[in-house]
Amino acid sequence: MSVRGRVAGVVTSAVVLVLGWQVGQASQVSPGTTATAPVVPGPTASTAAGATASPSPTTVPPSTAPPAATAPAPAPAAPAVVDGTYTGVVSRTPYGPVQVAVTVTGGALADVTAVQLTNDGGRSVQISNRAAPILRQEALAAGSANVQMVSGATYTSQGYLTSLQSALDQAGL
């Protein structure tokens, strides 16, 4: 490719970018203002007779109106945390129900107790008995149900955390 061809390509690209930027700037609307549609020339007698008309560029003047002031939306009221014991929903798993209760003291999570753990078969009971203390410890450390599941105890973990979140929601935590 010749030098002249390369220069022409660069100049053409620059012109396209600048024109696109100007059109984009002209089409932006300030908050609180109404956009006006650009005027498009309609058919004239000469275009109706088969002649072609070249479109004339239309520019949208920038808005001079100040942006409308918007009041910030009020923050939703957080539910009041009331000390007490709250029992979560029973979470059904393929290996039996899981349910926990939480104790809230001083507006914070103080204890988590397993009310029901999976009970379908000896292996399921072993897995739940191994996972429940780990999940309890992690929940107390985090003060929430935002903890990782115990490896090898997927169903127990899912049920435990679902019931835990339900109890925490009731407590307002």
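Residues numbered from 1 in each chain as written. Predicted model: local features only at pLDDT ≥ 70, side-chain atom pairs only at ≥ 80, totals over all residues. Heavy atoms only, no water.

Trainee: Would you mind showing me how to read the overall build of the protein chain here?
Mentor: Tallying secondary structure elements over the protein chain gives four helices and four strands in all. Element order for the protein chain, N to C, with α for helix and β for strand: α-α-β-β-β-β-α-α. Across the 173 residues in the protein chain, those meeting the buried criterion constitute 23%. Once local pairs closer than 6 in sequence are excluded, the contacts in the protein chain between residues at least 24 apart make up 49%. (Helix = DSSP H or I, 4+ residues; strand = E, 2+ residues; numbered from the N terminus. Buried < 20%, exposed > 50% of the residue type's maximum accessible area, 1.4 Å probe, protein only. Contact = heavy atoms within 4.5 Å.)

Trainee: Help me out: how do you make sense of the side chain of serine 124 in this one?
Mentor: Mapped onto the elements of the fold, serine 124 is located in helix H3 (residues 122-142). With a relative accessible area of 9%, serine 124 lands in the buried category. Polar contacts involving the side chain of serine 124 include one to the side chain of threonine 118, which spans 2.9 Å. Other than its neighbours up to four places away in sequence, serine 124 contacts Tyr95, Thr118 and Asn119. (Polar contact = N/O pair within 3.5 Å; in protein donor to acceptor, adjacent residues only side chain to side chain.)

Trainee: For this particular structure, what's the right way to read the pairing of strand E4 (residues 108-116)?
Mentor: In summary, the side chains of a regular strand alternate between the two faces of the sheet. One ladder, built from seven bridges, connects strand E3 (residues 96-105) with E4; its direction is antiparallel. Paired with valine 102 across the two strands is valine 112, which belongs to E4. Between the antiparallel neighbours E3 and E4 lie two residues, among them glycine 106 with a positive phi of about 65°. (Pairing = 2+ DSSP bridges.)

Trainee: Explain the packing of H3 against helix H4 (residues 154-171) here, please?
Mentor: When two helices pack together, their arrangement is captured by the angle between the axes and the distance separating the axes. Following both chains from N to C, one finds H3 and H4 inclined at 40°, their axes separated by 10 Å at the closest point. On the basis of their axis angle, the class for H3 and H4 is oblique. Every pair of crossing elements has a handedness; the one defined by H3 and H4 is right-handed. Taken together, the residues of H4 that come into contact with H3 (itself represented by Ile127, Ser128, Ala131, Ala132, Leu135, Arg136 and Ala139) are Thr156, Ser157, Tyr160, Leu161 and Leu164. (Axes fitted to C-alpha atoms, helices over the stretch in contact; angles between N-to-C directions. Parallel < 35°, antiparallel > 145°, perpendicular 65-115°, else oblique. Left-handed = near helix turned anticlockwise from the far one by under 90°.)

Trainee: Just to check I follow, could you spell out H3 for this structure?
Mentor: Owing to its 3.6 residues per turn, the α-helix brings residues three or four apart onto one side. Between its terminal C-alpha atoms H3 stretches 30 Å, which fits the 30 Å expected from 21 residues at 1.5 Å a residue. For H3, the full list of buried residues reads Ser124, Ile127, Ser128, Ala131, Ala132, Leu135 and Ala139. Summarising the contacts, the buried residues of H3 are in contact with E4 and H4. Following H3 by one or two positions, glycine 143 adopts a phi angle in the positive range, close to 70°. (Expected span 1.5 Å × (residues − 1).)

Trainee: What is the right way to look at the environment of valine 82 in this model?
Mentor: With respect to the helices and strands, valine 82 occurs in the loop between helix H2 (45-48) and strand E1 (84-87). Residues valine 82 and glutamine 170, 88 residues apart in the sequence, show an inter-C-alpha distance of 9.4 Å. Look past the residues within four positions of valine 82 in its chain and what remains in contact with it is Val104 and Ala171.

Trainee: Help me understand the side chain of threonine 93, please; the structure alone is not making it clear to me.
Mentor: Inspection of the secondary structure puts threonine 93 in strand E2 (residues 91-93). A relative accessible area of 16% means that threonine 93 is categorised as buried. Within the structure, the side chain of threonine 93 is placed 2.5 Å from the backbone oxygen of glycine 96, a separation counted as a polar contact. Setting aside anything within four residues of it in sequence, one finds threonine 93 in contact with Val98, Thr118, Tyr155 and Gly159.

Trainee: How do you make sense of the nonpolar core when you look at a structure like this?
Mentor: Inside soluble globular proteins, nonpolar side chains tend to come together where they are buried. By size, the foremost hydrophobic cluster in this structure holds 23 residues, and its most contacted members are Val102, Val112, Tyr160 and Leu164. Among the secondary structure elements, those contributing two or more residues to this core are E3, E4, H3 and H4. When residues of this core are assigned to their parent elements, the largest contribution, six residues, is made by H4. If we skip the residues at most four places from it in the chain, valine 102 touches Gly84, Thr85, Tyr86, Leu109, Asp111, Val112, Leu164, Ala167 and Leu168. (Core = buried A, V, L, I, M, F, W, Y, C linked by side-chain atoms within 4.5 Å.)

Function cannot be read off these values alone, since they describe shape.
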